[in-house]
Amino acid sequence: MLQQTQVSTVIPYYQRFMASFPSVQALAAAHEDEVLHHWTGLGYYARARNLHRCAQIVSDELGGEFPNSVEELEQLPGIGRSTAGAIHAISRQQRALILDGNVKRVLSRLHCVEGWYGQSAVAKRLWQLADELTPQERPADYTQAIMDLGATVCTRSRPNCQQCPLLEQCQAYARGEVSTYPQGRPRKEKPVKQTCMLLLQNPAGEIWLEKRPPSGIWGGLWSLPETASQADVNVICNALGLHAEGSQALPAYRHTFSHYHLDIQPLLVSVAQATTMVKEAGGQWYNPAAPSRLGLAAPVKRLLDLTGE
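Treat the numbers as computed from the prediction; the structure is a model and nothing was measured.

S.K.: Is there a simple way to think about the environment of Ala140 in this case?
M.R.: Position of Ala140 relative to the elements: it lies in helix 9 (residues 139-152). It is 5.0 Å that separates the C-alpha atoms of Ala140 and Ala89, two residues lying 51 residues apart in sequence. What Ala140 contacts, discounting residues up to four positions off in sequence, is Ala89, Ile90 and Gln93.

Listed below in structure tokens is the structure:
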């Protein structure tokens, strides 16, 4: 979930993405690389792949029409119970339940729900409250209103309680415990992993990129070769039919995921092509000065931008 401080940062990316694919059919017809390229900067790239696959199913198999029930919507890639409820309520004007992060925060404060909502008992309680509060009439207005309430008034930090229409009903406010809810996940130290990212640069200034597997971290994105040790540089180059002529360590930095830290040591390696093998390795040369429209993970894009300066 995006923190409040991140919202203004990601909005331009969402706007760019929506402008690039103005219809379900346009998104369905796009190549995956094009979709991931426009998603760059938003993170959670599995969402982009699911969105793309969902558009293809709706366009090619369902005649361009989304299903007319919450249960059928949940069968589409990337659409869970809450998203299905929001789509159904807003597009069909039918009563359906929603429980996104903003709504969870509103309900947790309104009723002082104890515990982290990642726990099944807490989630069950929140869904019960959502069911009790969702009206039969004007469900689309209610759905949009409660999402907006959490996004703009009942925010994670510094909520504007005096402007909240539910102020007199809010149990957390009455107790002076607004900041206590919702209660967070029990803290535990994130593990730290290390990797060495290789920027293999040919005489033309191009960088060698490889496409990652469709699942896992940065699935389907174009990335840099990685190794656990700088000593393996020659092994990787030889496997690609390249000859390493020199290397330079760039400043290391940490990239943080939701469940671990990744310490990255970038290594800029000047290479010459020794054989034609590189053409058969399933990657491609990328020119940072005239970038291709590819999906790139944020740390990789950051490194490529440095080489293009």
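Following the structure, the description resumes.
S.K.: What should I look at first to understand empty space enclosed by the protein in this one?
M.R.: A probe matching the size of a water molecule, rolled over the atoms, marks out where space remains unfilled. On inspection of all chains with the given rule, the structure shows 1 cavity of 30 Å³ or more. Taken as a whole, the largest cavity holds about 140 Å³ of empty space. Lining the largest cavity are 15 residues; nearest its centre among them are Arg109, Cys154, Cys161, Cys164 and Cys170. Of the residues assigned to the lining of the largest cavity, the class counts are 13 nonpolar, 1 polar and 1 charged.

S.K.: Could you clarify how one ought to interpret helix 8 (residues 120-133) in this entry?
M.R.: In an α-helix, one turn spans 3.6 residues, which is why side chains three or four residues apart end up on the same side. Between its terminal C-alpha atoms helix 8 stretches 20 Å, which fits the 20 Å expected from 14 residues at 1.5 Å a residue. For helix 8, the full list of buried residues reads Val122, Leu126, Trp127, Leu129 and Ala130. Down the axis, helix 8 shows its buried residues gathered within 160° of arc, on one side only. Seen from the open side of helix 8, the exposed residues pointing more than 90 degrees away from its buried face are Ser120, Ala121, Lys124 and Glu132. In this structure, the buried side of helix 8 is in contact with helix 6 (81-92) and helix 7 (101-111).

S.K.: Help me out: how do you make sense of the confidence of the model for the chain in this one?
M.R.: Caution applies to low-pLDDT parts of the model: their predicted coordinates are not meant to be read in detail. Overall, the prediction assigns the chain a mean pLDDT of 89, with 92% of residues at 70 or greater. Note on residues 1-8: pLDDT under 50 across the span, and 11 contacts to partners over four residues away in sequence or across chains.

S.K.: Just checking my understanding: could you explain the packing of helix 7 against helix 8 for this structure?
M.R.: In a pair of packed helices, the angle between the axes and the distance between the axes together describe the arrangement. Two elements in contact, helix 7 and helix 8, have axes whose closest approach is 10 Å; the angle formed by their N-to-C orientations is 90°. By the angle between their directions, the pair helix 7 and helix 8 is classed as roughly perpendicular. In contact with Lys104, Leu107, Ser108, Leu110 and His111 of helix 7, helix 8 contributes Leu126, Leu129, Ala130 and Leu133. Across the contact of helix 7 with helix 8, the residue classes break down as 6 nonpolar, 2 polar and 1 charged.

So, how was this worked out
Residues numbered from 1 in each chain as written. Predicted model: local features only at pLDDT ≥ 70, side-chain atom pairs only at ≥ 80, totals over all residues. Heavy atoms only, no water. Helix = DSSP H or I, 4+ residues; strand = E, 2+ residues; numbered from the N terminus. Contact = heavy atoms within 4.5 Å. 1 Å grid on protein atoms, 1.4 Å probe; cavity = no way out; pocket = protein on both sides within 12 Å on 5 of 7 lines; lining within 4 Å. Points joined across faces, edges and corners; volume = space filled by probe spheres on them. Nonpolar A, V, L, I, M, F, W, Y, C, P; charged D, E, K, R; others polar. Expected span 1.5 Å × (residues − 1). Buried < 20%, exposed > 50% of the residue type's maximum accessible area, 1.4 Å probe, protein only. Arc of directions from axis to C-beta. pLDDT = per-residue confidence, 0-100. Axes fitted to C-alpha atoms, helices over the stretch in contact; angles between N-to-C directions. Parallel < 35°, antiparallel > 145°, perpendicular 65-115°, else oblique.

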